[in-house]
Each structure stands twice: as C-alpha cells, then as structure tokens.
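Residue strings, one per chain:
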Amino acid sequence: PFLEVLTRCYKRPVMLTCNRRSLTGQTSSDWAQTLLVDEVGQGIAESYRRMGKYAPNLIGRYVWILDDDDECARFTLLAELKRIWEEHDPDVIMVRMEHGVNGQSNILPDASHWQRTDLQRGDLGVSAFIVRRELWQKHAPVMVDQAAYAADFDFISAILADNPSVYWHDVVASRVQRVSLGIPE
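Owing to the predicted nature of the structure, the values given are computational and were not obtained by experimental measurement. (Residues numbered from 1 in each chain as written. Predicted model: local features only at pLDDT ≥ 70, side-chain atom pairs only at ≥ 80, totals over all residues. Heavy atoms only, no water.)

Caption draft 1: Inspection of the nonpolar core at higher detail. One finds Phe-129 and Trp-136 to be the most contacted residues of the largest nonpolar core, which totals 31 residues. Breaking this core down by element, the ones donating at least two residues are helix H2 (44-54), strand E3 (62-65), strand E5 (92-98), strand E7 (129-132), helix H4 (133-139) and helix H6 (151-161). For this core, the element with the highest residue contribution is H6, accounting for six residues. Not counting the four nearest positions on each side in its chain, Phe-129 is found in contact with Val-63, Trp-64, Ile-65, Val-92, Ile-93, Met-94, Val-95, Leu-124, Asp-152, Phe-155 and Ile-156. In this structure, Leu-23, Leu-77, Leu-78 and Ala-173 belong to the second largest nonpolar core, which totals 17 residues. (Core = buried A, V, L, I, M, F, W, Y, C linked by side-chain atoms within 4.5 Å. Buried < 20%, exposed > 50% of the residue type's maximum accessible area, 1.4 Å probe, protein only. Helix = DSSP H or I, 4+ residues; strand = E, 2+ residues; numbered from the N terminus. Contact = heavy atoms within 4.5 Å.)

Caption draft 2: Spotlight on the pattern of salt bridges. Overall, the coordinates contain 14 salt bridges when judged by the stated rule. Its salt-bridge partner being Asp-67, residue Arg-8 comes within 2.6 Å of it at the nearest N-O pair. Here the residue Arg-8 occupies a position in strand E1 (residues 3-9), and Asp-67 occupies one in the loop between E3 and strand E4 (70-72), the gap between them amounting to 59 residues. The buried category is assigned to Asp-67, whose relative accessible area is 9%. Arg-116 is the partner of Asp-118 in a salt bridge, and the nearest nitrogen-oxygen pair spans 2.6 Å. What emerges from the salt-bridge pattern is a single network uniting Asp-89, Asp-91 and Arg-132. (Salt bridge = Lys/Arg side-chain N within 4 Å of Asp/Glu carboxyl O.)

Caption draft 3: Region of the structure containing empty space enclosed by the protein. Summed over the entire model, instances satisfying the criterion amount to one cavity of 30 Å³ or more. Computed from the structure, the largest cavity encloses a volume of approximately 50 Å³. As for the largest cavity, its lining consists of Leu-3, Val-5, Leu-23, Gln-26, Trp-31, Trp-64, Leu-77 and Leu-78. Elements with a contribution of two residues or more to the lining of the largest cavity: E1 and helix H3 (77-88). (1 Å grid on protein atoms, 1.4 Å probe; cavity = no way out; pocket = protein on both sides within 12 Å on 5 of 7 lines; lining within 4 Å. Points joined across faces, edges and corners; volume = space filled by probe spheres on them.)

Caption draft 4: Main features of the packing of aromatic side chains. Within the structure shown, the criterion is met by five aromatic pairs. Between Phe-2 and Tyr-62 the ring centres are 5.4 Å apart and the planes differ by 50°, which places this aromatic pair in the tilted class. With Phe-2 in the segment before E1 and Tyr-62 in strand E3, this pair connects stretches of sequence that are 60 residues apart. The class of Phe-2 is buried, set by a relative accessible area of 4%. (Phe/Tyr/Trp six-rings, centres within 6.5 Å; stacked < 30°, edge-to-face > 60°.)

So this is what it looks like as structure tokens:
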C-alpha cells in the first residue's frame, strides 16, 4: 500500500470504530491499517517500544501513526499525499493535528512552529508526521532505546537531524476524539 497507518490500541472499541471509519471513508483505497493492540495496559513508553520493534514489518511506502483515540480529519488525505509524492517525492510530509485539551482546540504544530525543524517537546504530536518507510525503519531504534512519553518527539527529531526532504502540507490531517492519556473507554 501507499500508506500504512499504525494504530496503537488499548481498550477503546468505540473510538477505534470511529478511527477506522475515518480511514475507510478515504477517496483513495491505497492504504492499510496495522493495529498494535495492548490488552493489559503496558503504558505509552512500551507502546513506542513495540512500534519501534514492529518497524521491520512495515509495508507501506509511507507510514503514519493514527492512534485509536484519533481520527483522520480529511477524506481526501490519501489522494493529497499521493499527489505530493508524485510532484515532490519527499522523505517526510508534515501535517497539522487538532489536539484538544480541556475542551480547547489546539492545532499542532501551531503557526509559530510551522515549517520549522527546530521543534521542541510539545510542539507537535504523533500524527503530525508521515514518513517514508525506509527512513522510518532506520530511525525506529530511537523508539525502542529511548521509549518514553515523548518518544514521538525523539523519533521525528532524529529523522529531521538526518536532513531529509520535507514537504509541509498545511492541513489539519487528524483530530483527537478524546485526550485519553492511556485510559480505556
């Protein structure tokens, strides 16, 4: 598939259904979703470690992380990504995500951090980057070795330090259904 969507799951069946519905509604069907299920609640750090260890099994040209408590915000996202690939062939496609906190909309990366590679922790979230599979696999050990709450930041920082070609697609590609903080439904 062109896009492989990695979805970490932990006892959120209703939100996972919404997550999957947001993907099946895409105007292009050249994608696959891989569910990385945690049945016992091993925590966020372990979920990153498991994602990093899964890297050799990735099959998509590009990889996007869209957790079970998130949903794709654009039915045309995959078609847009394919057009970007055909025209620019980037290593990384940066997008925005709506990460509401305490009922407030919070778009990441915000305007002051958009199109900047000197990001700091908290400037973006896990679904704000779409990475070419080979580059994803090369840097996956960061998630295994430095597994922590902010491993997504460590991972994309390692990728950006590699000086990849980056396309900044200024759209909100995902939104959080509910900030779950590892808690099941």
